[in-house]
Amino acid sequence: MTRVAELGVSRASGGQQGTSLLEALIALLLMGLTLLGFGLMQMESLQGNNESYARTEARILLVSMAERIQANPDGVDDYDGLSTAGAGNPGGCPCSVAELAARDVAVWADRLEDSSLNAPVGSIASSGSDLLTLTLGWSGAAQLGQNEDSMDADAQILSETLQIRVVP
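For the structure given in this document, a descriptive report is provided here. (Residues numbered from 1 in each chain as written. Predicted model: local features only at pLDDT ≥ 70, side-chain atom pairs only at ≥ 80, totals over all residues. Heavy atoms only, no water.)

**Points about the overall build of the protein chain**
Put simply, the rule is: Each helix corresponds to a stretch of at least 4 residues labelled H or I by DSSP, and each strand to a stretch of at least 2 residues labelled E; elements are numbered beginning at the N terminus. We call a residue buried when its accessible area falls under 20% of the maximum for its residue type, exposed when it is over 50%, and partly exposed in between, using a 1.4 Å probe and counting protein chains only. Throughout, a residue-residue contact means that at least one pair of heavy atoms, one from each residue, lies within 4.5 Å.
Within the protein chain one finds 5 helices and 3 strands. Secondary structure elements of the protein chain occur, N-terminal to C-terminal, as α-α-α-α-β-β-α-β. Looking at the protein chain as a whole, 26% of its 168 residues are labelled buried. Counting contacts in the protein chain only where the partners sit at least 6 residues apart, residues at least 24 apart contribute 58% of the total.

Have a look at this one:
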């Protein structure tokens, strides 16, 4: 009889000796959700870095064009209304002041084409007698979660603007 009593006591005080399958599945689910969150956070960070790089490159291209305009102060009025969308092939020089303005925009169009920006378009508008506004627009990346088929329709249109004053 003492043997039966000892066995009964040992069974009752032994308790659970491992984890159940349900506890393991819940832990696995929580770990999976955490890793998914980290992955999404990493993708957001990369997308922000890519946009920052594109904005820096756009600013450099705008400053490059502004320097070309500063080098041709007599042709400030000839830059008004020019766009890289309709720019032709840059010709050689020596040329007139107006031809130099068209050549500068054509060279700018070539540099935009060689850049890493998606579909960049640059334009120049006059905001006064000696004030020019240079605008560079491009297509940014689509938001996270978009499939590849709808990326073009969902892409952001980004732009950078630079105003310069040219004193002849």
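**Thoughts on helix 2 (residues 21-70)**
Defined as follows: Between the first and last residue of a helix there are one fewer steps than residues, each counted as 1.5 Å, and that sum is the expected span.
Its 50 residues give helix 2 an end-to-end C-alpha distance of 74 Å, which sits within 8% of 74 Å, the value for a rise of 1.5 Å per residue. For helix 2, the complete set of buried residues consists of Gln 47, Ala 54, Glu 57, Ala 58, Leu 61, Leu 62, Ser 64, Met 65, Ala 66 and Ile 69.

**Describing unusual backbone geometry**
With a phi angle near 50°, Ala 119 is a residue other than glycine that sits in the positive phi range. By secondary structure assignment, the location of Ala 119 is in strand 1 (residues 118-126). Judged by relative accessible area, which is 59%, Ala 119 ranks as exposed.

**Some remarks on a nonpolar patch on the surface**
Heads up, the rule is: Like charges within 9 Å and nonpolar side chains (Val, Leu, Ile, Met, Phe, Trp, Tyr) within 5 Å are joined into patches, using only residues over 30% in relative accessible area that form no salt bridge. The Shrake-Rupley method, run with a 1.4 Å probe, gives the accessible areas here. Residue values count only the displayed protein chains as cover. The salt bridge definition used is simple: a Lys or Arg side-chain nitrogen within 4 Å of an Asp or Glu carboxyl oxygen.
A cluster of nonpolar side chains, namely Leu 22, Ile 26, Leu 29, Leu 30, Leu 33, Leu 36, Leu 40 and Met 43, defines an oily patch on the protein surface of about 810 Å² accessible area. Note on placement: Leu 22 falls in helix 2.

**As for the nonpolar core**
Counted only if it meets this: Buried Ala, Val, Leu, Ile, Met, Phe, Trp, Tyr and Cys residues form a nonpolar core when they are joined through side-chain atoms within 4.5 Å.
Counting 23 residues, the largest nonpolar core has Ile 69 and Ile 124 as the members making the most contacts within it. Going through the elements one at a time, helix 2, helix 3 (76-79), helix 4 (97-114), strand 2 (131-142) and strand 3 (155-165) are the ones with two or more residues in this core. The dominant element in this core, judged by the number of residues it contributes, is helix 2, at 7 residues. Ignoring any residue separated from it by four or fewer positions in sequence, one finds Ile 69 in contact with Tyr 79, Ile 124, Leu 132, Leu 134, Ile 164 and Val 166.

**Looking at the pattern of salt bridges**
The full count for this structure, using the stated rule, is 4 salt bridges. Across the pair Arg 55 and Glu 51 runs a salt bridge, and its minimum N-O distance is 3.6 Å. Taken together, the residues span about one helical turn, with Arg 55 and Glu 51 both in helix 2 at a distance of 4 residues. With relative accessibility at 27%, the residue Arg 55 sits in the partly exposed group. A salt bridge links Asp 104 to Arg 68; the nearest nitrogen and oxygen atoms lie 3.2 Å apart. Here Arg 68 lies in helix 2 and Asp 104 lies in helix 4, a separation of 36 residues in the sequence.

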